[in-house]
Amino acid sequence: MADLTPTPARPGLHVTKPDPTTPATATAVCHCGATATATGDNQVRALVEGYTANHGPAHHRKSR
């Protein structure tokens, strides 16, 4: 399986939750240099919401 963890050279958002009893984990790297990690379903949800609102695709929306 390929390593899907985002890096500065390959920014993005990666979330894992192998099964219903395991806490979710997430890693985010934006092309602007911002990075974040989270563990636990609520923290991962907050990271995803923050990343999508302020980084990644949000940078393209603000420049228009």
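This text follows the structure it describes.
J.: Run through the nonpolar core, naming residues and quoting values.
T.: Ala24, Ala26, Ala28, Cys30, Ala38, Val44, Leu47 and Tyr51 form the largest nonpolar core, which has eight residues in total. Going through the elements one at a time, β2 (25-29) and α1 (41-54) are the ones with two or more residues in this core. The element best represented in this core is α1, accounting for three residues. Those residues in contact with Ala38 that sit more than four places away from it in its chain are Ala24, Thr25, Ala26, Gln43, Val44 and Leu47.

J.: Go over the state of the cysteines with me, naming the residues and quoting the values.
T.: Each disulfide is one covalent bond, formed between the sulfur atoms of two cysteines. Across all of its chains, the model carries zero disulfides by this definition. Among the cysteines around Cys32, which has no disulfide bond, Cys30 carries the closest sulfur, lying 3.6 Å off. Given the relative accessible area of 45%, Cys32 is considered partly exposed.

J.: Go over the environment of Thr25 with me, naming the residues and quoting the values.
T.: Structurally, Thr25 can be placed in strand β2. A relative accessible area of 32% places Thr25 in the partly exposed class. Between the C-alpha atom of Thr25 and that of Asp41, which follows or precedes it by 16 residues, the distance is 7.5 Å. Ignoring any residue separated from it by four or fewer positions in sequence, one finds Thr25 in contact with His14, Val15, Thr16, Ala38, Thr39 and Val44. Of the polar contacts made by the side chain of Thr25, one reaches the side chain of Thr16; its length is 2.6 Å.

J.: Could you give me a rundown of the pairing of strand β3 (residues 35-39), with the residues and numbers involved?
T.: Two elements, β2 and β3, share five bridges in a ladder whose sense is antiparallel. Opposite Ala26, over in β3, you have Ala38 as the bridge partner. The loop that links β2 with its antiparallel partner β3 comprises five residues; one of these, Gly33, has a positive phi angle of about 105 degrees.

Cut-offs and rules
Residues numbered from 1 in each chain as written. Predicted model: local features only at pLDDT ≥ 70, side-chain atom pairs only at ≥ 80, totals over all residues. Heavy atoms only, no water. Core = buried A, V, L, I, M, F, W, Y, C linked by side-chain atoms within 4.5 Å. Buried < 20%, exposed > 50% of the residue type's maximum accessible area, 1.4 Å probe, protein only. Helix = DSSP H or I, 4+ residues; strand = E, 2+ residues; numbered from the N terminus. Contact = heavy atoms within 4.5 Å. Disulfide = S-S within 2.5 Å. Polar contact = N/O pair within 3.5 Å; in protein donor to acceptor, adjacent residues only side chain to side chain. Pairing = 2+ DSSP bridges.

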